[in-house]
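Examination of the molecular architecture
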Amino acid sequence: MATKYIFVTGGVVSSIGKGIATASLGRLLRNRGYTVAPVKLDPYINVDAGTMNPYQHGEVFVTDDGAETDLDLGHYERFMDVACTALSSITTGKVYSSVIAAERRGDYLGATVQVIPHVTNEIKSGITKLAKEQEADVVIAEIGGTVGDIESLPFLEAIRQMRADNGPENTMYVHVTLIPTVGPWHEVKTKPTQHSVYKLREIGISPDVLICRSDVPLPDDVRDKISLFCGVAPKQVIESLNVQTIYEVPLKYEEAGLGERVCERLGLEFREPQQTGWQELVATLKHPKHHCQIAVVGKYTGNGDAYKSIAEALVHGGIPNDAGVDIKWIESDGLENGCSMEELLAETHGLVVAPGFGARGVEGKIRAIQYARETGLPFLGLCFGLQMAVIEFSRNVCGLAGANSEEIVPNPPYPVIHLLPEQKQVKDKGASMRLGAYPCNLTAGSLAAKLYGGTRISERHRHRYEVNNDFREKLSEHGMAISGVSPDYRLVEMIELPGHPFFIATQAHPEFKSRPNRPHPLFEGLVRAAVKRLTAAKVG
Ligand code: GLN
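What you see is a predicted model, and the numbers here were worked out from it, not measured in a lab.

Attention now moves to the overall build of the chain. Helix and strand counts for the chain come out as 18 helices and 23 strands. Relative to the compact-globule value of 24 Å for 540 residues, the chain shows a C-alpha radius of gyration of 25 Å, a close match. Projected onto its principal axes, the C-alpha coordinates of the chain cover approximately 75 × 65 × 45 Å. Expressed as a percentage of its 540 residues, the buried residues of the chain come to 58%. Summarising the internal contacts of the chain: among those between residues at least 6 apart in sequence, 73% fall at separations of at least 24. As presented, the chain carries roughly 21,700 Å² of accessible surface, and 51% of it is formed by carbon and sulfur atoms.

Right, let's talk about the side chain of Gln507 for a bit. Within the secondary structure, Gln507 sits in the loop between strand S23 (503-506) and helix H18 (521-539). Take Gln507: its relative accessible area is 1%, and that puts it in the buried class. Of the polar contacts made by the side chain of Gln507, one reaches the side chain of His463; its length is 3.3 Å. Not counting the four nearest positions on each side in its chain, Gln507 is found in contact with Cys383, Leu386, Gln387, His461, His463, Tyr465, Glu466, Val492 and Glu493.

Attention now moves to the environment of Pro288. Note that Pro288 resides in the loop between helix H11 (276-286) and strand S12 (290-298). Accessibility expressed as a relative area gives 14% for Pro288, which makes it buried. The spacing of Pro288 and Ser405 is 117 residues in sequence and 41 Å in space, taken between C-alpha atoms. In this structure Pro288 touches Asp322, Ala323 and Gly324, once residues within four positions along its chain are discounted.

With that settled, consider the sheet that holds strand S15 (residues 379-382). Strand order in the open sheet formed by nine strands is S13-S12-S14-S15-S23-S22-S21-S18-S19, and the pairing between neighbours is mixed. Of all the strands in the sheet, just strand S13 (323-331) and strand S19 (456-463) have a single pairing partner and so form its edges. Going from strand to strand, the sheet's axes swing by 25° on average, the running direction of each strand aside. When strand S22 (residues 492-496) meets S23, the two strands line up antiparallel, connected through three bridges.

Moving on, we come to the UniProt feature "domain: CTP synthase N-terminal" (unreviewed entry) in the chain. Per the UniProt record, "domain: CTP synthase N-terminal" (unreviewed entry) is found at residues 4-268. Taken end to end, residues 4-268 is 43% helix and 19% strand, and its two terminal C-alpha atoms sit 9 Å from one another.

Turning to the UniProt feature "binding site: ATP" (unreviewed entry) in the chain, a few remarks are in order. Mapped onto the present numbering, the UniProt feature "binding site: ATP" (unreviewed entry) falls on Ser15, Ile16, Gly17, Lys18, Gly19, Ile20, Asp72 and Val243. Of note, Ile16 is situated in the loop between strand S1 (4-10) and helix H1 (18-31). When residues no more than four places from it in sequence are discounted, the contact partners of Ile16 are Gly11, Val176, Thr177, Leu178 and Arg213. When you line up the elements, Asp72 lands in helix H3 (residues 72-80).

This part takes up the pairing of S19. As a general feature of sheets, a regular strand has side chains that alternate between the two faces. Where burial is concerned, most of S19 is hidden: six out of the eight residues are buried. Here eight bridges tie strand S18 (residues 434-442) to S19, and the two strands are oriented antiparallel to one another. Along S19, the bridge assignment pairs Pro439 with Ser458.

What counts and how
Counting starts from 1 at the beginning of each chain's written sequence and moves along it residue by residue. Reporting of local features is limited, given that this is a predicted model, to residues whose pLDDT is at least 70; pairs of side-chain atoms are given and counted only at 80 or more, and all residues count toward the totals for whole chains, interfaces and linings. Note that the side-chain values use all heavy atoms of the structure and ignore hydrogens as well as water. Helix and strand labels come from DSSP, where a helix needs a run of H or I of at least four residues and a strand needs a run of E of at least two; each type is numbered from the N terminus. We compute the radius of gyration from the C-alpha atoms alone; for a globule the expected value is 2.2 Å times N to the 0.38, where N is the number of residues. To sort residues, take the accessible area from a 1.4 Å probe on protein chains only and compare it with the maximum for the residue type: under 20% means buried, over 50% means exposed, and anything in between is partly exposed. Contact definition: two residues touch when any of their heavy atoms are within 4.5 Å. Only the protein chains shown count as cover for residues, with accessible areas throughout obtained via the Shrake-Rupley method and a probe of 1.4 Å. Under the rule applied, a polar contact is a pair of N or O atoms within 3.5 Å (in protein, one hydrogen donor and one hydrogen acceptor; residues adjacent in sequence only if both atoms are side-chain atoms). Strand pairing is assigned whenever DSSP detects at least two bridges linking the two strands. Lines fitted to C-alpha atoms define the axes here, with helix axes fitted over just the stretch in contact, and angles between the N-to-C directions of these axes take values from 0 to 180 degrees. UniProt positions are given in the numbering used here, feature names are shortened, and annotations may be inferred rather than shown by experiment.

So this is what it looks like as structure tokens:
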């Protein structure tokens, strides 16, 4: 079978959930047993998302092969249960870098290098390379930004050309738009959608399906109007209402007939969608038996997207525990002014200290960890969170006053966290950290090994600093167990405190590998401990 291509564009406004729409569409195909390869085409000039501030752009998602990508890849992995690679992220920066490098090598010798065909060819070859390498039945390509943006034009031109290259029977355009309501009677308005479809048509793309985000159900006359003005059959107008949990979106799409529409349009054989497991997990998410609260301390808590994968991993961790997880976001700076930890954390049942960079808010994170260690509050430290836990323990248990990370102060009296040796010569900031999946060995019998159900694991990384081996013995002597190390024993990967109800931290980013149907064991364990604390409090 020839590879099928679905292109997802967005209209009217940004942030209408194009990433979730793309991911959900992928789920529908996975439910039918098709192999799906997602790709995000990002119009920004950065080569990758690694150098962008999470406050502005949301979290930087890391793949197994160490690409620093847009957070939408996280949605793809979670909904489709696939592992993306660097090929799933194409940016203007990457495209131009390789076109310019090819020009310098002389690959185009004689030619005037232009957006069409050189840049568009580079975009198309990125998409087809992904299709080949992943042997995908279907490639779903999401184009970042909103139709009408200057930046996305070369990407739209490339996907327009792909219909001629691959045939209309193998290509499909899905446009996600917003149907707003106005006035006191909440009148449903289709004009913005009409205009965004005109804009697409100007470029030469006619959508096959419209996914219409709306706060209210679309009346039939509105659906007919959209159909008439936008040139899509009424049954190709898919209503997308707000839902209680994002994981409900694929179920709603299936109900609205999107799965069938896609198969019809692309000539994919009809298969009954297998979605019982997904339905069950959504049912648990909507009506959990327990409700626990977990505090997440970080420094970008003002933007919900900055810790997207952590928030989702906590939600996933609730599913096997039949628990809804309410996240209490705590800005780490706010913990530095001597406020009462008791007041802030007494009502919470667990604590996550988030990954991070730089000095801002560090002392707040350390105070929160001290509180968790001393009061038995379940704690999970992620990357920087592990480093902060080591600093806290060094200072307050090992008696190493002033212990710190070299990232925070230049020459601390006890540099318990220091630069990885391979980082010493690194000058460039882009793609230069210890990135991607690395194996780790766990101590048999440790909490980590129990949670993972084995002693050999692999997790994704994104850091420059590590635990200083000169202090390993001191930490162990005082009761901190180093329960995970790199296979060469050189790097501390996990620590824990035996005797504490749940105190564990990892140098990796386990949040990237959690899925609703396969919750990550560390998050599942944290929520289990949180529920235990909650029920104990109720009994007590
Ligand atoms: N800033 C720390 C380091 O570079 C931790 C990074 C992180 O939390 N991702 O090692």
